[in-house]
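# What the coordinates show
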Amino acid sequence: MTANRKLIAGNWKMNGLKADGLDLASDLAGRLKGAGPVAFDMLVCPPFPLLFLVGEAIADSPLALGGQDCAPKTSGAHTGDVAPTMLKDAGCRFVILGHSERRADHGESDAVVNAKAVAAHKEGLVAIICVGETEAQRDTGQANTVVSGQLAGSIPAGATAGNTVIAYEPVWAIGTGKTATPDDVKAMHAHIRAELEGKIAESAKVRILYGGSVKPNNAAELMVVENVDGALVGGASLKADDFWAIATACR
Ligand SMILES: O=C(CO)COP(=O)(O)O
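Residues numbered from 1 in each chain as written. Predicted model: local features only at pLDDT ≥ 70, side-chain atom pairs only at ≥ 80, totals over all residues.

In the nomenclature of an unreviewed UniProt entry, the protein chain is known as Triosephosphate isomerase of Azospirillum lipoferum. Per UniProt, the comment on the protein chain under Sequence similarities (unreviewed entry) is "Belongs to the triosephosphate isomerase family." As its UniProt record puts it under Subunit (unreviewed entry), the protein chain is described as follows: "Homodimer." (UniProt positions renumbered as here; feature names shortened; annotations may be inferred.)

### A short note on the overall build of the protein chain
Along the backbone of the protein chain there are 10 helices and 8 strands. For the protein chain, the C-alpha radius of gyration of 17 Å lies close to 18 Å, the compact-globule estimate for 251 residues. Overall, the C-alpha framework of the protein chain stretches about 45 × 45 × 35 Å when taken along its three principal axes. Across the 251 residues that make up the protein chain, the buried fraction comes to 47%. Long-range pairs, those at least 24 residues apart, make up 72% of the contacts in the protein chain between residues at least 6 apart in sequence. (Helix = DSSP H or I, 4+ residues; strand = E, 2+ residues; numbered from the N terminus. Rg over C-alpha atoms; globule rule 2.2 N^0.38 Å. Buried ≥ 20, exposed ≤ 12 C-beta atoms within 10 Å, placed from the backbone. Contact = placed C-beta atoms within 7 Å.)

### A short note on helix H10 (residues 240–248)
The set of residues buried in H10 consists of Phe243, Ile246 and Ala247. Here the buried residues of H10 occupy an arc of 100 degrees about the axis, which is enough to place them on one side. Buried residues belonging to H10 abut strand S1 (6–11), helix H1 (18–34), strand S2 (40–45), helix H9 (216–223) and strand S8 (230–233). (Arc of directions from axis to C-beta.)

Below is the structure:
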């Protein structure tokens, strides 16, 4: 099987004001432009208020822009929501959906994530659909079943290798400094790959990212694991040096 091109995605979460957000994105865009051919695609997902500014700052670089969520509708009376059309307008090509923090903080179900992915696809956005088990679920041997259920419920009809990316983010590894071992990651990514077969055409080409305490010191060992097609990075994506070190660990 030919390896998929890696995607290194930075999820800034609820971090970053105008000045530091612009500095971070411009710094990364500059490094990417100056680097020549690289073995990865790079993406930053800033908070909504920074999207237009960051989008303008990186417009002439290969650095891609994404949102951290979107509404399942195109427009209308939905106070506080942001439509996929608006993300597109700001220069986004990607949107993260169903992050465990959204599932926990906002009660997002698989059905909601599915509807959001449909809306995102309609606008031509690539949906990065997040799945992952809690520590209790892993400890009781339910990790595979939980992830299978999330995939079955969250991936919409019409998903393709071109418009959908899966991010496996074990909840217990997010922001905790605990990382899944390469063996755990290998097993879960193989499980996800098998689950995608039959659900998505050309399933081998769907990029499956790992997320959860990815840092410069563990990126190299994680990025060589079979079926790991990149990383979804939280904390370490807020420092240009760290995020760049993670990306350049890809071969
Ligand atoms: O949730 C994550 C990315 O979406 C991972 O966050 P950390 O890299 O901070 O663990």
